[in-house]
Amino acid sequence: MNPLRQATDAVWAGEEHQRLTGATVVPVSLGVAHGYPDVDTWQAVARGQTPGHIYARNTNPTVDAFEHKIRALEQADDATSFSTGMAAISNTLFALLEPGDRVVSVKDTYGGTNQIFLHTLPHWSVDVELCDTADADAIEAAIGKGSALVYLETPTNPTLKVIPIARLAAAAHAVGAVVVVDNTAATPINQSPLALGVDLVIHSATKYLGGHADAMGGALCGRRELVRKVFHHREITGASLDAMSAYLLLRGMKTLSLRVERQNASALEIARWLERHPRVSQVNYPGLASHPQHDIAANQMRGFGGMLSFALKGGFDEVTRVLPKLHLMHRAANLGAVETGGGPPATTSHVECSAEERAAMGIPEGLIRYSVGIEAVEDLIADLAQALA
Ligand SMILES: *Cc1c(COP(=O)(O)O)cnc(C)c1O
């Protein structure tokens, strides 16, 4: 068949060959091990010559369906999965890097990723240079000094900075570096980094892919030999996705394109409304014409996403006053769910970091991250209006 559109792949991809006895959904396959009647078949499966499963830390039928679906959505050669987004990130970095390597990344990566760059990789003698996220010239210059791996995240959380993917992927390939992009915030619906020249795409499936804040998971998609290398590392280190989470993520992904379309539209409307509000000093959303990298975002994204952040004129005191008044915002660290959620970076995206580390990343303590859900946008705006009044 011709390549299908993402809204169709979100529903169908990866499922057909895992359904049992005509069931409408992929079953939750809870068996830890799979048995074979004779040693020859068993060995052929174990060696990867015949399709099949041996042990659930390696592969599992429900997890397999999840991997096929995210692979289809990212239009990748291959995909593998992990117990969490951080497991995807750490296994990718540990599998592809060795002592003496140099990594170029940005200051505004997800809090847990930033901790790996600041503490874990240097401990294993990997040199990390973290550049100013909004300065593409500086990132390009750092890459030009030589690098084994370039790690990007765009848009960033919580300040929604945007990085030019195609330009930096070209710079990275010129020095022989592997390019990795964390596509969690954009989702495959809004941004396709592989089509922009990147080698590997990472997701925290916990966020938009699952979409219902009830399952954790991670995914890695991209060039087959790189994905296989990381998969073999994860088979041994053991941060494997479990079947129940894979089932919940698969169910959530069926509505991914519906949810993201609604979240894109609502976030843009809310960002424009906040920008006109007298008590708001700053709104960060790549869809706003006032966003410093709006042109880059418009170039590489099909939609601007469901996440925004805004700063109140009264600073952190005002944040503590306003937050409890919001009735339609779950005050929690999660993002990308059907219900609107949010909070200050100190308790959400960058809870892993110290106040000094947040300041070094340029994250104001008076900011509110707002992850727009699928509620009626009129109700969300009315809720913000009464809380800010
Ligand atoms: C949440 C998040 C992660 C980490 O994912 P977990 O599933 O919580 O481990 C990584 N990157 C981004 C951009 C995230 O938002």
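First, a word on scope: everything that follows refers to the structure included in this document. Every chain's residues receive numbers from 1 upward, in the order its sequence appears when written. Local features in this predicted model are restricted to residues whose pLDDT is 70 or higher, and side-chain atom pairs enter the listing and the counts only when it is 80 or higher, whereas totals over whole chains, interfaces and linings include all residues. Side-chain numbers here rest on the full set of heavy atoms in the structure, without hydrogens or water.

The next point concerns the nonpolar core. Membership of the largest hydrophobic core comes to 49 residues, with the highest contact counts inside it found for Phe66, Ile70, Ile139, Ile143 and Val198. Helix and strand assignments follow DSSP, with helices taken as H or I runs no shorter than four residues and strands as E runs no shorter than two, numbered in order from the N terminus. Looking at which element gives the most residues to this core, the answer is helix H10 (residues 243–253), with six residues. Leave out the neighbours within four places in its chain, and Val198 touches Ile165, Ala169, Val179, Val181 and Pro193. By nonpolar core we mean a set of buried residues, namely Ala, Val, Leu, Ile, Met, Phe, Trp, Tyr and Cys, connected to one another through side-chain atoms within 4.5 Å. The classification of residues rests on relative accessible area computed with a 1.4 Å probe and restricted to protein chains. Under 20% of the type maximum is buried, over 50% is exposed, and intermediate values are partly exposed. Counting 32 residues, the second largest nonpolar core, distinct from the first, contains Ile270, Leu288, Ala297 and Phe310. It only takes one pair of heavy atoms within 4.5 Å for two residues to be counted as in contact.

Strand pairing is assigned whenever DSSP identifies at least 2 bridges connecting the two strands. Judged by pairing direction, the sheet is mixed, and its five strands sit side by side in the order S8-S9-S12-S11-S10 without closing on themselves. Each of the sheet's edge strands pairs with one partner strand only, and the pair in question is strand S8 (280–284) and strand S10 (330–331). As defined by bridge partners, strand S9 (residues 307–312) adjoins strand S12 (residues 367–371) across five bridges and the pair is classed as antiparallel. Looking across to S12, one finds that Leu308 is bridged to Tyr370. Angles run from 0 to 180 degrees between N-to-C directions of axes, and those axes are lines fitted to C-alpha atoms, restricted for helices to the stretch in contact. Strands in contact with helix H11 (residues 256–275) are S8, S9 and S12; relative to S9, the strand with the most contacts, it is inclined by about 15°.

Relative to the helices and strands, Val181 is located in strand S5 (residues 178–182). Here Val181 falls in the buried class, since its relative accessible area comes to 0%. Discounting chain neighbours no more than four positions away, the residues touching Val181 are Leu152, Ile165, Pro193, Val198, Leu200, Val201 and Ile202.

In contact at an axis separation of 9 Å, helix H4 (residues 85–96) and helix H9 (residues 224–237) are set at 110° when each is read in the N-to-C sense. When the interaxial angle is binned, H4 and H9 end up roughly perpendicular. The residues of H9 that touch H4, namely those facing Asn91, Thr92, Phe94, Ala95 and Leu96, are Leu226, Lys229, Val230, His233, Arg234 and Thr237. Angular relationships are summarised with four words: roughly parallel below 35 degrees, roughly antiparallel beyond 145, roughly perpendicular across 65 to 115, and oblique for the angles in between.

Any residue with an atom within 4 Å of a point lines the site, the site being either a cavity, points on a 1 Å grid over the protein atoms alone where a 1.4 Å probe fits but cannot get out, or a pocket, an open set with protein on both sides within 12 Å along at least 5 of 7 lines. Grid points are joined across faces, edges and corners, and a volume is the space filled by probe spheres set on the points. Put simply, the largest pocket is a space of about 680 Å³. Along the walls of the largest pocket sit 23 residues, with Gly52, Thr59, Asp64, Arg228 and Phe231 positioned nearest its centre. Where the lining of the largest pocket is concerned, the elements lending two or more residues are helix H2 (39–46), helix H3 (61–73), strand S1 (78–82) and H9. Ranked by residues supplied to the lining of the largest pocket, first place goes to H9 with five residues. Here the nonpolar group is Ala, Val, Leu, Ile, Met, Phe, Trp, Tyr, Cys and Pro; Asp, Glu, Lys and Arg are the charged ones; every other residue, Gly included, is treated as polar. Of the residues contributing to the lining of the largest pocket, the split by class is six nonpolar, eight polar and nine charged. Lining the second largest pocket are 21 residues; nearest its centre among them are Gly85, Tyr110, Ser204, Thr206 and Lys207. Here the element with the most residues in the lining of the second largest pocket is H4; it accounts for three residues. The residue inventory of the lining of the second largest pocket, partitioned by class, reads nine nonpolar, seven polar and five charged.

Note on placement: Ala185 falls in the loop between S5 and helix H8 (187–190). Taking the C-alpha atoms as reference points, Ala185 and Tyr208, separated by 23 residues in sequence, lie 7.7 Å from one another. Not counting chain neighbours up to four residues away, the residues in contact with Ala185 comprise Pro155, Tyr208 and Met307.

Let us now look at H10. Of all eleven residues in H10, nine are buried; the element is thus mostly enclosed. Buried within H10 we find Ala243, Ser245, Ala246, Tyr247, Leu248, Leu249, Leu250, Gly252 and Met253. The inward-facing, buried residues of H10 abut helix H1 (6–12), H3 and H11. Any pair of N or O atoms that falls within 3.5 Å is considered a polar contact. Within protein, one atom must be able to donate a hydrogen and the other to accept it, and sequence-neighbouring residues count only if both atoms are side-chain atoms. For H10, the capping residue at the N-terminal end is Asp242, with a side-chain oxygen 3.2 Å from the backbone nitrogen of Met244.

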